[in-house]
Amino acid sequence: MGSKSYQNEQNIQLKGHSQAFKIIHVTNLRSQKDHLTALKAIKQLVGDGIVLSYHLIGGYDKNSEYYKNLINFIQKHHLEKYVFIYGSQTNIAGLLEQADMALLSSVSEGLPVSLIEYAQAKLLLVVTDVGQCKDVVGDFGLVVNPSNNEELVKAITYNYKHPEDASKNAEKLY
């Protein structure tokens, strides 16, 4: 097995431009979590001029094809100053406090713990319609079809442009 990333820092700060719209994605870097579709959306949003940063929190194997494909996509599309990979973290609540929006782009799920953490943090929310995500989120977050970066772009843009409405929904979900 390859080297796994794990960091045990309690007060890590999210990287990137201080005024960026901070999108956090808490899940291990594995193919069913579909970070690549999210990265395609991030690429388009950056191209559209939205000042954002995308923060991937979760364990990964540096030697896995999945991780290598993500890094290759980030480098190929010059997203290094927008996309940050932190590895496993112990202070998830502290990281969520720093974010503006939470994302789940999975192609398969049951009931993800990160969804509950996102709700507790009162974050704006975009999730894919897999597992119990839609049941948990109801009308208080944006639900998109899996593997659809265009729908992700629209949902993220909505949260970015309508933070008051999205914040009301986040409060209701909490």
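Relevant structure appears above.
Report follows, based on the coordinates.

Conventions and cut-offs
Residues numbered from 1 in each chain as written. Predicted model: local features only at pLDDT ≥ 70, side-chain atom pairs only at ≥ 80, totals over all residues. Heavy atoms only, no water. Helix = DSSP H or I, 4+ residues; strand = E, 2+ residues; numbered from the N terminus. Buried < 20%, exposed > 50% of the residue type's maximum accessible area, 1.4 Å probe, protein only. Polar contact = N/O pair within 3.5 Å; in protein donor to acceptor, adjacent residues only side chain to side chain. Arc of directions from axis to C-beta. Contact = heavy atoms within 4.5 Å. Core = buried A, V, L, I, M, F, W, Y, C linked by side-chain atoms within 4.5 Å. Pairing = 2+ DSSP bridges. Right-handed = clockwise from strand over helix to strand, strands pointing away.

Before going further, it helps to spend a moment on the side chain of Gln89. Its place among the elements puts Gln89 in the loop between strand 3 (83-87) and helix 3 (92-98). Overall, Gln89 belongs to the buried group, its relative accessible area being 9%. At a separation of 2.9 Å, a polar atom in the side chain of Gln89 contacts the main-chain carbonyl oxygen of Tyr86.

Take unusual backbone geometry next. A positive phi angle, near 50°, is found at Asp34, a position not held by glycine. Structurally, Asp34 is set in the loop between strand 1 (21-26) and helix 1 (35-47). Looking at Asp34, the relative accessible area reads 11%, which means it is buried. A positive phi angle, close to 55°, is found at His78, a residue other than glycine. If you trace the backbone, His78 turns up in the loop between helix 2 (65-76) and strand 3. His78 gets classed as exposed once you look at its relative accessible area, which sits at 60%.

Here we take up helix 4 (residues 113-120). Restricting attention to buried positions, one finds in helix 4 the residues Ser114, Leu115, Tyr118 and Ala119. Buried residues of helix 4, seen end-on, are gathered within an arc of 145° and therefore sit on one face of the element. Residues of helix 4 that are exposed and point more than 90 degrees away from the buried face comprise Val113 and Gln120. Elements in contact with the buried residues of helix 4: strand 1, helix 3, strand 4 (101-104), strand 5 (124-128), helix 5 (133-137) and helix 7 (163-173). Among the residues trailing helix 4, Lys122 stands out with phi positive, at a value near 60°.

So, on to the nonpolar core. Among the nonpolar cores identified, the biggest contains 32 residues, and Ile23 and Tyr54 are the most heavily contacted of them. For this core, the secondary-structure elements that each account for two or more residues are strand 1, helix 1, strand 2 (52-57), helix 2, strand 3, strand 4, strand 5 and helix 6 (149-161). Of the residues forming this core, the biggest block, six residues, is contributed by helix 1. When neighbours within four sequence positions are excluded, Ile23 is seen to be in contact with Ile42, Leu52, Ser53, Tyr54, His55, Met101, Leu103 and Ile156. Among the nonpolar cores identified, the runner-up in size contains 23 residues, and Phe84, Ala102, Ala119 and Val137 belong to it.

Regular strands place their side chains on alternate faces of the sheet. The alternating pattern of strand 4 places Met101 and Leu103 and Ala102 and Leu104 on opposite faces, both of which are buried. Here strand 1 runs beside strand 4; their pairing, made up of two bridges, is parallel. What sits directly across from Ile24, in strand 4, is Ala102. Pairing geometry for strand 4 and strand 5, over four bridges, is parallel. From the neighbouring strand, Leu103 faces strand 5, where its bridge partner is Val126. Taken together, strand 4, helix 4 and strand 5 form a β-α-β motif whose crossover is right-handed.

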